[in-house]
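Chain residues, written in single-letter form:
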Amino acid sequence: MASARALLPVLLSFAVLACDDEPKRPDKDDLLARPSASAEVSPLARIDAGALDGGAARKVLSELRSDKLELNARRVPAERVAFVHGRLAVLTSDALVVRDTKSWKEIAKVPELEPRRVIGLADGSVLAASKDDVTTLAPRKNEVTRTSRIPLFPESVLFPDLRKERRMWVLHGFDPTLYGYEIEDDGKLNTLDFIELKDFDLKAFTALKDGSFLYTTKKGLRRFFPGGRAENVSLPEGPGVWRLLTTRRIDQVWVAREGGTFELLGIAGGKGQVVRSLTLPSAYDVATSNTAIAILRLERSDKKRHFALRVVDADGKQLMEQELPLSKAPGDGEDWVEQITKNRAVAIAPKEPLVAVGGPTWLSVWNYKTQKRVYGSD
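Fair warning: this is a prediction, and the values are worked out from it, not measured in the lab.

(A) Seen up close, the sheet that holds strand S24 (residues 304–313). Spatial ordering of the open sheet is given by S22-S23-S24-S25, a layout of 4 strands whose pairing is antiparallel. Unpaired on one side and paired on the other, strand S22 (283–288) and strand S25 (318–324) mark the two borders of the sheet. Between one strand axis and the next, the sheet turns by 20° as a mean value, whatever way the strands run. Two elements, S24 and S25, share 6 bridges in a ladder whose sense is antiparallel. Across the sheet, residue valine 312 finds its bridge partner in S25, namely glutamine 318.

(B) The arrangement of the side chain of arginine 344 in detail. Residue placement: arginine 344 occurs in the loop between helix H4 (336–341) and strand S26 (345–348). Take arginine 344: its relative accessible area is 5%, and that puts it in the buried class. Setting aside residues up to four positions removed in sequence, arginine 344 forms contacts with Arg74, Asp285, Leu296, Phe307, Leu324, Pro325, Leu326, Val357, Gly358 and Trp362.

(C) Examining the packing of aromatic side chains more closely. Enumeration over the complete set of coordinates arrives at 13 aromatic pairs. An aromatic cluster of three or more residues is present, and its members are Phe159, Trp169, Phe200, Phe205, Phe213, Tyr215 and Phe224. The ring of tryptophan 362 has arginine 344 lying over it, and the distance from NZ or CZ to the ring centre is 4.7 Å.

(D) Representation of the nonpolar core. The biggest cluster of nonpolar side chains holds 22 residues, and the ones touching the most others in it are Leu71, Leu309, Leu324, Val355 and Trp366. Those elements that place two or more of their residues in this core are S22, strand S23 (292–301), S24, S25, H4, S26 and strand S27 (354–358). The contacts of valine 355, once residues within four sequence positions are left out, are Phe83, Ala294, Leu309, Val311, Met320, Val346, Ala347, Ile348, Ser364, Val365, Trp366 and Tyr368. Grouped together as the second largest cluster of nonpolar side chains are 15 residues, Leu127, Val134, Tyr179 and Phe194 included.

(E) Broad picture of the pairing of S26. What you see with S26 is no split at all: Ala345 and Ala347 on one side and Val346 and Ile348 on the other are buried throughout. Pairing geometry for S26 and S27, over 4 bridges, is antiparallel. Looking across to S27, one finds that isoleucine 348 is bridged to valine 355.

(F) Broad picture of the pairing of strand S2 (residues 87–91). Of all 5 residues in S2, 5 are buried, a share of seventy percent or more. Judged by which residues are buried, S2 turns out to be covered on both faces: Arg87, Ala89 and Leu91 on one side and Leu88 and Val90 on the other are all buried. Pairing geometry for strand S1 (residues 81–84) and S2, over 4 bridges, is antiparallel. Looking at S2, one finds that valine 84 is bridged to arginine 87. With antiparallel pairing between neighbouring strands as the criterion, S1 and S2 make up a hairpin whose turn holds 2 residues, including histidine 85 at a positive phi of roughly 50°. Examined bridge by bridge, S2 and strand S3 (residues 95–100) share 5 bridges and lie antiparallel to one another. The residue bridging leucine 88 from the neighbouring strand is arginine 99, located in S3. What sits between the antiparallel neighbours S2 and S3 is a turn of 3 residues.

Criteria and thresholds
Residues numbered from 1 in each chain as written. Predicted model: local features only at pLDDT ≥ 70, side-chain atom pairs only at ≥ 80, totals over all residues. Heavy atoms only, no water. Pairing = 2+ DSSP bridges. Helix = DSSP H or I, 4+ residues; strand = E, 2+ residues; numbered from the N terminus. Axes fitted to C-alpha atoms, helices over the stretch in contact; angles between N-to-C directions. Buried < 20%, exposed > 50% of the residue type's maximum accessible area, 1.4 Å probe, protein only. Contact = heavy atoms within 4.5 Å. Phe/Tyr/Trp six-rings, centres within 6.5 Å; stacked < 30°, edge-to-face > 60°. Lys NZ or Arg CZ within 6 Å of the ring centre and 35° of its normal. Core = buried A, V, L, I, M, F, W, Y, C linked by side-chain atoms within 4.5 Å.

Set out below in structure tokens:
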């Protein structure tokens, strides 16, 4: 069994090479978004673009995609923007860019080949995973270290280990297994033994503040510590779970359900009890801090679709709302969903009243207490 486990990350590496180097656009498009069952889709959506001249076809498809089709809520965080101990890290199309959150000056820019995920480690380092390697930026002197790559797929998510400073975990969207990696003192990336997630239904997974993890099962929730104890946690009946999100306390978690209900759930003693319930509809993406929830909403006005950023406190009181520009959908490209959502990664600082939305070509940051933009532009 040990030898088989040691081989699995290698096999994943070969698999992800094929996935990354020769992407199948229809599959990727399907993973990113599909028209919802309730979406109002015009008969024009079935028009064969070949029956029109190039310009007319592009115009029709662009109008349909911008005004008619719906986007499903983002299943997992984009992880293109991250607040890390007084720094804001952003992945552009070819670099990791880090700014100080007081002066907003650029303090580091590290070239990357196809950067994919960025997170903060427990020691305050910034970690960026790209196609060819993993880059870490030290907490104080911004020293750069590069190690071997981590296999990633379209819906893979990185989680920092909150008990081991240089350790991280990877969850792939199709596999009920957690893969661990650790950066050794000599700078090498060590592959750890994987953890099989018992009864995981592949819906929602999160890391809690005490170093444990929580995920959904068909019967409720399950909480465990890597290499330690595990327990089942009951989940009150309700709509399906979309996301699990951390909050200030280690014995509570936000349960974001399909349809827009957010439940603050106490999870002590193997029982899940609703402490508070909020109604926050139209969420496309979401991020939480110790005291606030940032919701990236997908709304309609005057028959047009647009994004809006809303920040509320733990009681549901609105702290800020900001309408965001929506890029026009490409007329005939298969990657239209990626194009209109690539700059819509959302992140909220753990303690500072800062929230950011951005991506490879656009970024804005607000202080949600003063409701003022502190970096970026329209």
